[in-house]
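# Structural characterization, general
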Amino acid sequence: MANHSETTGPFDDSDIPGREPSASASAHETQVTLRTPAELADALPYLLGYRPEDSMVLVALHDREGRGRFGGRARLGIPAGEEDWQAAARQLARGLVLGSERRGARPEQMVAYVCQEPAPGESGLDVKRRLEGLAHRLRTECGDLDVPVIEALCISDGRFWSYCCPTKGCCPDDGSPMGLPGTSVLAAAATYAGLQVRGTLRELRARLQPWETTAALEQEIALDAAGMSLVPRILDEASRAAVAEETLSLAERIIRRFAAAAPVSGAHPSDLRDDDLVGHDEAATLILGLQDRTTRDRAAAWMEGDEAGAALRLWRTLARRCVGPYGEHAAAPLTLAGWVAWSTGDELEAREALAMALGADPDYLFARLLHQACNEGLDPEAIRRCLRGQGAEQHAARQVSGPAELSERPGPDPTEPVRPEPVRIASSAPHAVAHPAEDPGATTSARTGTRRRRRVRSADGDSPRAAGAAHGRRRPAGSGPRQSATEASRPGGRGAGATRTRAADPAGDRTGAARTRGDNDEQERDR
């Protein structure tokens, strides 16, 4: 195998996705030099923190004493249509280069990857030939920005191919086999540095997606019942404070329950254990109670120390319980999961959870601001300080005034303007009609008859407008109606009758995950 390139990279906290490496190498860094396409192919999961699927990836290189040093990373799902490849390649290249420039570290070179498993009846070589045009577009788009691609690799079916072989016959036609995971020098260095490969994004998202088992129906029934009792109390100013205290008290009990549970090895068994520790009624009460912004912000204070791990498990559990027509309610627990993950240093899960929260509700301001801050590489300590101060204020007020008076003076929101507006019901369809015989949270679409749940939430700083629903209920401005089953679905949606897909990123979020037509995976702006 020819030596197409030589790249040196450190394995320390400065080299995690989303951050540029530090200007000077630490004496404690583990330096690993990569000289061949085989070593670059093996490095990709360690550079991203997970194994990419159906992905186009760019990795920036910075020159240091004649050698390349890894910089930012960017990933975008491969568009299904070849006509979209040019726009996707341009978006990926410009996003990484411009993002690096904003941090004062313009890359000198790039390494490009295209990763996709063969379709039925297709071989890895077929994938390599089919994606050659995409690799070429990545190289030309980077070249247009005066950042040459020194290596472009295709990874498929456990093998890899180089698109930059200097001579014909340099690499075998059927590709070269990938090394066994965990057996390379690079894998040993990553393990020594404490870096982890988290499987795939699909596996990570599965921990946050709603149930699709027979238990989902039981959870939906519990949510219906809880809505009948809790929605009127949340709408009533006199009882709203009591609902908040009950919600937070229940959450605290379950967090302690999680902390006391015996540890289980593996993500899936751990999630099953946590699901067993929370009853359907408990989950329903928490999901509905967290729709109130002030309650959600107080719950966000479980963000560090021994409480953070158990709190993150609880928010994941609640996200999985937002089943059927309650998909939009997942915005609150997903945002809390993303916040706790970011606060505890897990930027990968934070970005995924916040992107899914915005998929559930694109107008969810708390998720949007956290998603932007996380993708910009900001320090979460500023938000932690606000929440710590809020917690101290709440505790002091509780000692003096008791829960009832405390709730009338909610603490400051660290990211959103506090406005003394009442809780509102968010309308879910433009032609929705509330039937008196049904509970306050139910609507029926005039077009399809599909039953949807209205989400109870307080104002997020938006101006109120008429919702067009019965009983004079209002919704925040900008919260567009959900599409019916006969209308065009969102990218990545499940079709008619399905809940809204939460893995999609919101269009127009410049600092977060951007989307091209035909792309059902989110872009990782790891700059």
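Since we're looking at a predicted model, the values are computed, not measured.

Moving on to the overall build of the protein. A count of helical and extended segments in the protein gives 16 helices and 15 strands. Per-residue burial for the protein yields a buried fraction of 55% across its 527 residues. Residue pairs in contact within the protein that sit at least 24 positions apart in sequence constitute 72% of those at least 6 positions apart. A total of about 22000 Å² of accessible surface is found on the protein, and carbon and sulfur atoms cover 52% of it.

This paragraph deals with the environment of E53. With respect to the element layout, E53 can be found in the loop between helix 1 (37-48) and strand 3 (55-64). Under the relative-accessibility criterion, E53 is labelled partly exposed at 31%. Expressed as a C-alpha distance, the spacing of E53 and C115, which sit 62 residues apart in the sequence, is 6.0 Å.

Moving on: the side chain of T317. Tracing the chain through its elements places T317 in helix 12 (residues 306-320). For T317, a relative accessible area of 0% translates into the label buried. Once residues within four sequence positions are removed from consideration, T317 is found in contact with F258, D274, D275 and V278.

Attention now moves to the nonpolar core. Counting residues in each nonpolar core, the largest one holds 62 residues, and the members touching the most others are W302, L314, W315, L318, W339 and W342. Elements with a minimum of two residues in this core: helix 7 (215-235), helix 8 (237-260), helix 10 (280-289), helix 12, helix 13 (331-343), helix 14 (347-360), helix 15 (365-375) and helix 16 (381-407). With 9 residues, helix 13 is the largest single contributor of residues to this core. Apart from residues lying up to four places away in sequence, W302 is in contact with L248, A251, E252, I255, E307, A308, A311, W315 and V340.

Let's shift gears to helix 15. Burial in helix 15 covers these residues: F366, A367, L370, H371, A373, C374 and N375. Two residues or fewer past helix 15, G377 is found with a positive phi of approximately 75°.

On to the pairing of strand 7 (residues 159-162), then. In terms of strand pairing, strand 6 (residues 149-156) meets strand 7 through 4 bridges, oriented antiparallel. Bridged to C154 within strand 7 is W161. Hairpin remark: strand 6 followed by strand 7, antiparallel, with 2 residues in the connecting loop; positive phi at D157, about 55°.

Where helix 14 meets helix 15, the axes come as close as 9 Å, and the angle between the chain directions of the two elements is 150°. Where helix 14 crosses over helix 15, the handedness of that crossing is left-handed. Residues E347, A350, R351, L354, A355, A357 and L358 of helix 14 form the contact with helix 15, whose participating residues are A367, R368, L370, H371, C374 and N375.

What follows is about the packing of aromatic side chains. As enumerated under the stated definition, the model contains 2 aromatic pairs in all. Between the aromatic rings of W302 and W315, the centroid separation amounts to 6.4 Å while the plane-to-plane angle is 35°, which identifies the pairing as tilted. You can see W302 sitting in the loop between helix 11 (293-299) and helix 12 and its partner W315 sitting in helix 12, a full 13 residues away along the chain. For the residue pair W302 and W315, the accessibility class agrees, reading buried in each case. Relative to W342, the ring of W339 has its centre 5.9 Å away and its plane inclined at 75°; by these criteria the two rings are edge-to-face. Of the two residues, W339 and W342 are both situated in helix 13; the distance of 3 residues between them amounts to about one turn of the helix.

A separate point is the packing of helix 8 against helix 12. Contact geometry for helix 8 and helix 12: axes closest at 9 Å, N-to-C directions at 110°. Considering the angle they form, helix 8 stands roughly perpendicular to helix 12. In the crossing of helix 8 with helix 12, the sense of the turn from one axis to the other is right-handed. Contacts from A251, I254, I255, F258 and A259 in helix 8 reach E307, A310, A311, R313, L314 and T317 in helix 12. Looking at the contact of helix 8 with helix 12, its residues break down into 8 nonpolar, 1 polar and 2 charged.

In the structure shown here, the tally under the stated rule is 23 salt bridges. Two residues, R106 and E101, come together in a salt bridge whose shortest N-O distance is 2.2 Å. In this structure R106 comes out as partly exposed when scored by relative accessible area, which is 33%. A salt bridge links R320 to D275; its shortest N-O distance comes to 3.0 Å. With R320 in helix 12 and D275 in helix 9 (residues 267-277), the pair connects residues that are 45 residues apart, well separated along the chain.

The subject of this paragraph is the pairing of strand 6. Here strand 6 lies mainly inside the structure; 7 of its 8 residues are buried. As judged from the 6 bridges shared by strand 5 (residues 109-115) and strand 6, these two strands associate in the parallel manner. Looking at strand 6, one finds that A112 is bridged to A152.

Attention now moves to unusual backbone geometry. Negative phi values dominate among residues other than glycine, just as trans dominates among peptide bonds. At D146, a position not held by glycine, the phi torsion is positive, near 60°. Within the fold, D146 resides in the loop between helix 4 (132-144) and strand 6.

In this section: helix 9. Among the residues making up helix 9, those that are buried are S270, D271, R273, D274 and D275. Those residues of helix 9 hidden inside the fold are in contact with helix 8 and helix 12.

Quick notes on the rules
Residues numbered from 1 in each chain as written. Predicted model: local features only at pLDDT ≥ 70, side-chain atom pairs only at ≥ 80, totals over all residues. Heavy atoms only, no water. Helix = DSSP H or I, 4+ residues; strand = E, 2+ residues; numbered from the N terminus. Buried < 20%, exposed > 50% of the residue type's maximum accessible area, 1.4 Å probe, protein only. Contact = heavy atoms within 4.5 Å. Areas by Shrake-Rupley, 256 points an atom, 1.4 Å probe, with all protein chains shown as cover. Core = buried A, V, L, I, M, F, W, Y, C linked by side-chain atoms within 4.5 Å. Pairing = 2+ DSSP bridges. Axes fitted to C-alpha atoms, helices over the stretch in contact; angles between N-to-C directions. Left-handed = near helix turned anticlockwise from the far one by under 90°. Phe/Tyr/Trp six-rings, centres within 6.5 Å; stacked < 30°, edge-to-face > 60°. Parallel < 35°, antiparallel > 145°, perpendicular 65-115°, else oblique. Nonpolar A, V, L, I, M, F, W, Y, C, P; charged D, E, K, R; others polar. Salt bridge = Lys/Arg side-chain N within 4 Å of Asp/Glu carboxyl O.

Shape is all these values report; function is a separate question.
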